[in-house]
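# What the coordinates show
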Amino acid sequence: MTACRRFESRLEGWLAGSLDATARREAEAHLADCPSCRELADLAVLTDDAPDLTAGVLAATTGPACARAEDHLPAWLAADLDQADHHLVTLHLETCPDCRTLADILVAMETTLPHFREMTPPVGFTEQVLHTFTALTPHAPSPKPGREGASGLPFDVRLSTWLRTAWPRQVQRPRFATELAYALTVVAVLAVQATGAFAGAEPRELLERAREETAEQARALAEAPAVTGTAVTARRLGDRVGDFVGTLKERAGTFLRDTASSLLNEDEPDSSAPTEETP
Amino acid sequence: MDPTELIARCRQGDDLAWEALVKTYQGRVYAVAVHYMRDREEARDMAQEIFVRVFHHLDSLEGDRPLLPWLLQIARNACVDRLRRLKVRTPPNPVPVEDGPEIPAAEPSPEEEAITGARERLLYRALGTLAEHYREMIVLKDIQGLKLEEICELLDLPMGTAKSRSHRARLELARAVREIQPDFGAAS
């Protein structure tokens, strides 16, 4: 290795003052004799006063490193990064005020968030909760209902609890109107079958009456003071029921005409030509 | 009283033990409900429903499991169930794309007014801008102080996912705070 190459290999140590005495003496002796190495050393010393080029270089190459540094911040604060990454983030924070601000906020959050651990409930909350359990356990406060809930409790207590808590939510469900109309229709059909209210009526009359009954129920639902969504659903249901009954009526008429026609044809077995007249 | 003994007495039908349990944990339960529901009235109803669930599931607490994580699990599940039902019931509001992310309200909401301390109010407001799964992580880990292992079990998440979600949640919250008040950290 030439003297110049040896000096270059020791240059950083010489600049940092970390060479041992022998190496430093050799380097300084070489500098005194070698103009090119002296020039190199002067340049190296000058770079200490150079402006910070980091931002400019990053802008022209990879872009700012803030995004990655920010991603690492929570782990950096938790000392959850490996040593190299921890060091890199620390270096970044020394020169990046934005990321430093974010780190300070994260630190402040650590002390402020636990303040939310408990909140004072509204006045009367405790009494309300305890009152609920008085109702749930009127005779024996044994909480042994298992997964099925209050299966060990009297039926009236369970029903009253359900009516207080679950019923209001059931009523507000969007499909409630449809389900109610369906249930009413089933009840109406069963009632008709049980009472024979339409016994002996003509098919046409039967259809008319069924249509009127159903449309009336739908109108009543639509006009009832309920949630807007419920009224709209009921109105649509009424329209659909009307359409359905109309279609049913039309098909029933066609069926009756076809039946009568076939009966007439059976009465005239010799007539080979099909009649085009509708009976 | 030791929570284990408290639970044992509650199981035996000790009214006083139950009252003590409610008084001891109502603050935490209500706080969880407030953070999930973000509405005081909803939170009050929710907290009550949570205690009803706790009462009905007293037998399901295994002997070696600590009370608090179990209680928070019930609270969390109840809140998530309620939010799910509310979402089904409430049609989503169409938001124009150009409106961008939610802008924090200048006027404090009733919930914010109930929170003492300007820094706490600001944090509460910033929490409201987070995605639900991030807010949940902040509530469970940074507010209620659950361990990551407990959160993994509660949310059924792998450890790596829970850890990265926790870091991401804190970062997003810090960014939201910086948007509202950049010198939040300096004032501490």
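Residues numbered from 1 in each chain as written. Chains lettered and ligands numbered in written order. Predicted model: local features only at pLDDT ≥ 70, side-chain atom pairs only at ≥ 80, totals over all residues.

Broken down by element type, chain A carries 13 helices and 0 strands. Scanning chain A from its N terminus toward the C terminus, one meets helices and strands in the order α-α-α-α-α-α-α-α-α-α-α-α-α. Expressed as a percentage of the 279 residues in chain A, the buried residues total 14%. Restricting the contact set of chain A to residue pairs at least 6 apart, pairs at least 24 apart contribute 50%. (Helix = DSSP H or I, 4+ residues; strand = E, 2+ residues; numbered from the N terminus. Buried ≥ 20, exposed ≤ 12 C-beta atoms within 10 Å, placed from the backbone. Contact = placed C-beta atoms within 7 Å.)

Below, the discussion takes up the overall build of chain B. Secondary structure summary: chain B contains 9 helices and 0 strands in total. Going residue by residue from the N terminus, the α and β elements of chain B occur as α-α-α-α-α-α-α-α-α. Restricting the contact set of chain B to residue pairs at least 6 apart, pairs at least 24 apart contribute 61%.

Turning to the packing of helix H1 (residues 3-11) of chain B against helix H2 (residues 15-37) of chain B, a few remarks are in order. Residues and elements named next belong to chain B. At a minimum axis distance of 7 Å, the contact between H1 and H2 shows a crossing angle of 130°. On the basis of their axis angle, the class for H1 and H2 is oblique. Both H1 and H2 take part in a crossing whose hand is left-handed. Taken together, the residues of H2 that come into contact with H1 (itself represented by Leu6, Arg9 and Cys10) are Ala17, Trp18, Ala20 and Leu21. Here the residues of the contact of H1 with H2 sort into 6 nonpolar, no polar and 1 charged. (Axes fitted to C-alpha atoms, helices over the stretch in contact; angles between N-to-C directions. Parallel < 35°, antiparallel > 145°, perpendicular 65-115°, else oblique. Left-handed = near helix turned anticlockwise from the far one by under 90°. Nonpolar A, V, L, I, M, F, W, Y, C, P; charged D, E, K, R; others polar.)

Attention shifts here to the nonpolar core. Residue and element names in this part refer to chain B. Val29, Ala33, Ile50 and Ala75 are the most contacted members of the largest nonpolar core, which totals 66 residues. With 12 residues, H2 is the largest single contributor of residues to this core. Residues contacting Ala75, with those up to four places away along its chain left out, are Val29, Val32, Ala33 and Ile50. (Core = buried A, V, L, I, M, F, W, Y, C linked by C-beta atoms within 7 Å.)

Each partner contributes to the interface: chain A provides 44 residues, whereas chain B provides 46 residues. When contributions to the side of chain A that touches chain B are tallied by element, the ones reaching two or more residues are helix H5 (66-77), helix H7 (97-112) and helix H8 (125-136) of chain A. Take the side of chain A that touches chain B: its biggest share by element is 10 residues, from H7(A). Each residue belonging to the side of chain A that touches chain B can be placed in one class, and the counts come to 25 nonpolar, 12 polar and 7 charged.

Over its 16 residues, H7(A) extends 22 Å from the first C-alpha to the last, a length consistent with the 22 Å expected when each residue adds 1.5 Å. Three or more residues of H7(A) are buried, namely A:Cys99, A:Leu102, A:Ala103, A:Asp104, A:Ile105, A:Leu106, A:Ala108 and A:Met109. In this structure, the buried side of H7(A) is in contact with H5 and helix H6 (83-95) of chain A together with helix H6 (118-127) and helix H9 (159-180) of chain B. (Expected span 1.5 Å × (residues − 1).)

Next up on the list: the confidence of the model for chain B. Residue and element names in this part refer to chain B. Looking at chain B as a whole, the pLDDT averages 83, with 85% of positions reaching at least 70. In the model, residues 94-105 has pLDDT below 50 throughout and makes 4 contacts with residues more than four positions away in sequence or in other chains. Across the predicted assembly, pTM comes out at 0.54 and ipTM at 0.72. (pLDDT = per-residue confidence, 0-100.)

So, on to the packing of helix H3 (residues 40-56) of chain B against helix H4 (residues 67-89) of chain B. All names here are of chain B. As a packed pair, H3 and H4 sit with axes 9 Å apart at the nearest point and diverge in direction by 125°. Regarding the angle of H3 to H4, the classification is oblique. Viewed along their axes, H3 and H4 form a crossing whose handedness is right-handed. On H4, the residues that touch Met46, Glu49, Ile50, Arg53 and Val54 of H3 are Leu71, Ile74, Ala75, Ala78, Cys79 and Arg82.

By the secondary structure assignment, A:Val129 is in helix H8. A count of 24 C-beta atoms within 10 Å places A:Val129 in the buried class. With near-sequence residues (within four places) excluded, A:Val129 lies in contact with B:Val22, B:Gln48 and B:Phe51.

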